[in-house]
Amino acid sequence: GENVEQHPSTLSVQEGDSAVIKCTYSDSASNYFPWYKQELGKRPQLIIDIRSNVGEKKDQRIAVTLNKTAKHFSLHITETQPEDSAVYFCAASNANDYKLSFGAGTTVTVRA
Amino acid sequence: GAGVSQSPSNKVTEKGKDVELRCDPISGHTALYWYRQRLGQGLEFLIYFQGNSAPDKSGLPSDRFSAERTGESVSTLTIQRTQQEDSAVYLCASSLGAGDYGYTFGSGTRLTVV
């Protein structure tokens, strides 16, 4: 099955700086890569996703990049704000495996 | 409904008792998933339902855990003879289809076994 690794496990950044979270996956058949944000005590929410037919996707201050050859993908948050503080999970799946495999999560803290 | 609804939101039970958790997915979502999240940990897959196909039970940790879903509607996760290690948040999610669709999660049921 798919194995997703996520780094770092914790990340502290100064407000206004950028944050980058990296994930690797093992199954070359994986073709869908979503990112979820989970605020303390709340449900995980989808913030951005990318499919394997594109290399980069951007939505305002967040962007995701995908390198299929290296089997890794990254989340970039620019101009971080205190409300970006949360746990972020990456995940991967494909049409044959139907269920998402999640990374262990990254706790992001934005210092004011 | 507008979102994935789970009940109860919190459940405290005595060790050895059975509990039943409920999930009401978004209307039209054919895929439904149960995950477990222990305090400060990641998301552990438990079981998956897709339409009328046989469910994927490969993530269930023991035979004390079972789940049912009628068609594309409500699902129930049952834990028999609860143990303290069952304490966790149980998250349900639904999606339009299997494989490459994002999940919408419910708010979860926080289960505490005392």
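Criteria and cut-off values
- Residues numbered from 1 in each chain as written.
- Chains lettered and ligands numbered in written order.
- Predicted model: local features only at pLDDT ≥ 70, side-chain atom pairs only at ≥ 80, totals over all residues.
- Heavy atoms only, no water.
- Helix = DSSP H or I, 4+ residues; strand = E, 2+ residues; numbered from the N terminus.
- Rg over C-alpha atoms; globule rule 2.2 N^0.38 Å.
- Contact = heavy atoms within 4.5 Å.
- Areas by Shrake-Rupley, 256 points an atom, 1.4 Å probe, with all protein chains shown as cover.
- Buried area = accessible area lost by both parts, 1.4 Å probe.
- Salt bridge = Lys/Arg side-chain N within 4 Å of Asp/Glu carboxyl O.
- Polar contact = N/O pair within 3.5 Å; in protein donor to acceptor, adjacent residues only side chain to side chain.
- Nonpolar A, V, L, I, M, F, W, Y, C, P; charged D, E, K, R; others polar.
- Core = buried A, V, L, I, M, F, W, Y, C linked by side-chain atoms within 4.5 Å.
- Buried < 20%, exposed > 50% of the residue type's maximum accessible area, 1.4 Å probe, protein only.
- Pairing = 2+ DSSP bridges.
- Axes fitted to C-alpha atoms, helices over the stretch in contact; angles between N-to-C directions.
- Phe/Tyr/Trp six-rings, centres within 6.5 Å; stacked < 30°, edge-to-face > 60°.
- Lys NZ or Arg CZ within 6 Å of the ring centre and 35° of its normal.

Engineer: Account for the overall build of chain B, with residues named and values stated.
Structural biologist: Across its full length, chain B carries zero helices and 10 strands. When the helices and strands of chain B are listed from N to C terminus, the series reads β-β-β-β-β-β-β-β-β-β. Computed over its C-alpha atoms, the radius of gyration of chain B comes to 13 Å, within 12% of the 13 Å expected for a compact globule of 114 residues. The principal-axis extent of the C-alpha atoms belonging to chain B is close to 35 × 25 × 25 Å. Considering only residue pairs separated by 6 or more positions, chain B has 55% of its internal contacts joining residues 24 or more positions apart. Within the structure as shown, chain B displays about 5300 Å² of accessible surface, and the carbon and sulfur contribution to it stands at 44%.

Engineer: Quick one: what's the story with the interface of chain A and chain B, residue by residue and with numbers?
Structural biologist: Taken together, the 17 residues of chain A in the interface contact 21 residues of chain B. Buried surface at the junction of chain A and chain B, summed over both partners, amounts to about 1600 Å²; 56% is from carbon and sulfur atoms. Close ionic contact of D56 of chain B with K99 of chain A constitutes a salt bridge, the shortest N to O distance being 3.6 Å. Linking chain A with chain B are seven residue pairs in polar contact (both at pLDDT 80 or more), by the criterion used here. Mapped by element, the contributors of at least two residues to the side of chain A that touches chain B are β4 (32-38) and β5 (45-51) of chain A. Per element, the largest residue contribution to the side of chain A that touches chain B is three residues, and it comes from β4 of chain A. The class makeup of the residues in the side of chain A that touches chain B is 10 nonpolar, four polar and three charged.

Engineer: Run through the nonpolar core, naming residues and quoting values.
Structural biologist: Core analysis: the biggest nonpolar cluster contains 23 residues, and I21, Y25, F33, W35, F73, L75 and Y88 of chain A have the highest contact counts within it. Going through the elements one at a time, β2 (10-14), β3 (19-25), β4, β5, β7 (62-67), β8 (72-77), β9 (86-92) and β11 (106-111) of chain A are the ones with two or more residues in this core. If sequence neighbours within four positions are ignored, Y88 of chain A has contacts with Q6, I21, Y36, K37, I47, L75, I77, G105, T106 and V108 of chain A. Counting 20 residues, the second-largest nonpolar core is a separate cluster that includes W34, L46, I79 and V113 of chain B.

Engineer: Quick one: what's the story with the sheet that holds β7 of chain A, residue by residue and with numbers?
Structural biologist: Whenever strands of a sheet pair, they do so through backbone hydrogen bonds, lying parallel or antiparallel. All names here are of chain A. One open sheet accounts for five strands, arranged β1-β3-β8-β7-β6; its pairing is antiparallel. With partners counted over all chains shown, the strands left at the sheet margins are β1 (4-7) and β6 (56-59), one partner each. Between one strand axis and the next, the sheet turns by 15° as a mean value, whatever way the strands run. Two strands pair when backbone bridges link them, and β6 and β7 are joined in this way by four bridges, in the antiparallel orientation. Opposite E56, over in β7, you have T65 as the bridge partner.

Engineer: So what's going on with the side chain of S101 of chain A? Which residues, and what values?
Structural biologist: You can see S101 of chain A is positioned in strand β10 (residues 101-102). Once residues lying within four places of it in the same chain are set aside, the contact partners of S101 of chain A are E2, V4, C90, A91 and A92 of chain A.

Engineer: Please provide a residue-by-residue account of the pairing of β9 of chain A, values included.
Structural biologist: Residue and element names in this part refer to chain A. With six of seven residues buried, β9 lies mostly within the body of the structure. Across four bridges, the pairing between β4 and β9 is antiparallel. Bridge pairing in β9 links K37 to Y88. As paired elements, β9 and β10 share two bridges and run antiparallel to each other. Across the sheet, A91 pairs through a bridge with F102, a residue of β10.

Engineer: Give a description of the pairing of strand β6 (residues 65-69) of chain B that names residues and reports values.
Structural biologist: Residues and elements named next belong to chain B. Of the two faces of β6, only the one carrying F65, A67 and R69 is buried; S66 and E68 on the other face are not. Here β6 runs beside strand β7 (residues 75-79); their pairing, made up of five bridges, is antiparallel. Counted as the bridge partner of S66 is T78 from β7. Counting the residues in the hairpin turn of β6 and β7 gives five residues, including G71, whose phi is positive at 60°.

Engineer: If you had to explain the packing of aromatic side chains to someone new, which residues and values would you point to?
Structural biologist: Taken as a whole, this structure holds 15 aromatic pairs over all chains when the rule is applied. Judged by centre distance (5.9 Å) and plane angle (55°), the rings of Y35 of chain B and Y103 of chain B are tilted. Here Y35 of chain B is found in strand β4 (residues 31-37), whereas its partner Y103 of chain B is found in the loop between β8 (88-95) and β9 (104-105), with 68 residues between them in sequence. Y103 of chain B shares its class with Y35 of chain B; the two are buried. Among the aromatic side chains, those forming a connected cluster through ring pairs are Y36 and F102 of chain A together with Y33, Y35, F45, Y48, Y103 and F105 of chain B. The aromatic ring of F45 of chain B is capped on one face by K99 of chain A, whose charged end is 4.9 Å from the ring centroid.

These figures come from the coordinates and say nothing about function on their own.
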